[in-house]
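Results of the structural survey
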Amino acid sequence: QLQLVESGGGLVQPGGSLRLSCVVSGSSVVYYAITWFRQAPGKEREGVSCISDRDIVTYFTDSMKVRFTVSRGNAKNTGYLQMNNLNPDDTGIYSCAADPYSRCSERADFYDFWGQGTHVTVSS
């Protein structure tokens, strides 16, 4: 089964930037679709974006298209979420998810395989 590990979260001041990483493992497949979600305190999990196994990017939230960028690293099992111009509303737990068939969905209940999440706190 697939395993995912996120990293890169932390405390950042408003207007700052963070780059989150998601490493996928568990099979010989190199090009996984990687989907990012976030969950603000007291709110439901929100889909952010997915990068497909063909590096096609789909954004699920229009409000983050300008500030957030999804990409894949030279290690093709690694996905990145570059977050710029962060504000306190971006605070939350950011998680990546994957599907064995590299499908993308904005619904959290679609996925069985998740990383542990990485905390992002935007505060002065």
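Quick note: structure is the one above.
Residues numbered from 1 in each chain as written. Predicted model: local features only at pLDDT ≥ 70, side-chain atom pairs only at ≥ 80, totals over all residues. Heavy atoms only, no water.

Let us look at the state of the cysteines. Under the definition given, this model contains 2 disulfides. Between the sulfur of Cys 22 and that of Cys 96 lies a disulfide, 2.1 Å long from S to S. With the S-S dihedral at roughly 80°, the linkage between Cys 22 and Cys 96 falls on the right-handed side. In this pair, Cys 22 is assigned in strand β3 (residues 18-25) and Cys 96 in strand β9 (residues 92-98), connecting sequence segments 74 residues apart. For the pair formed by Cys 22 and Cys 96, the shared burial category is buried. (Disulfide = S-S within 2.5 Å. Helix = DSSP H or I, 4+ residues; strand = E, 2+ residues; numbered from the N terminus. Buried < 20%, exposed > 50% of the residue type's maximum accessible area, 1.4 Å probe, protein only.)

This part covers the pattern of salt bridges. Taken as a whole, this structure holds 7 salt bridges when the rule is applied. Glu 46 is paired through a salt bridge with Arg 38; the nearest N and O atoms lie 3.0 Å apart. The class for Arg 38 is buried, based on a relative accessible area of 12%. Salt-bridge contacts for Asp 109 lead to Arg 107; the nearest nitrogen and oxygen are separated by 2.6 Å. Classification of Asp 109 as exposed rests on a relative accessible area of 56%. (Salt bridge = Lys/Arg side-chain N within 4 Å of Asp/Glu carboxyl O.)

This paragraph deals with unusual backbone geometry. A positive phi angle, near 65°, is found at Asp 55, a position not held by glycine. Structurally, the position occupied by Asp 55 is in the loop between β5 (46-51) and β6 (57-59). On the basis of relative accessibility, which here comes to 37%, the residue Asp 55 falls in the partly exposed class. A positive phi is found at Ser 102, a non-glycine position, where the angle reads about 60°. Along the chain, Ser 102 falls in the loop between β9 and β10 (113-114).

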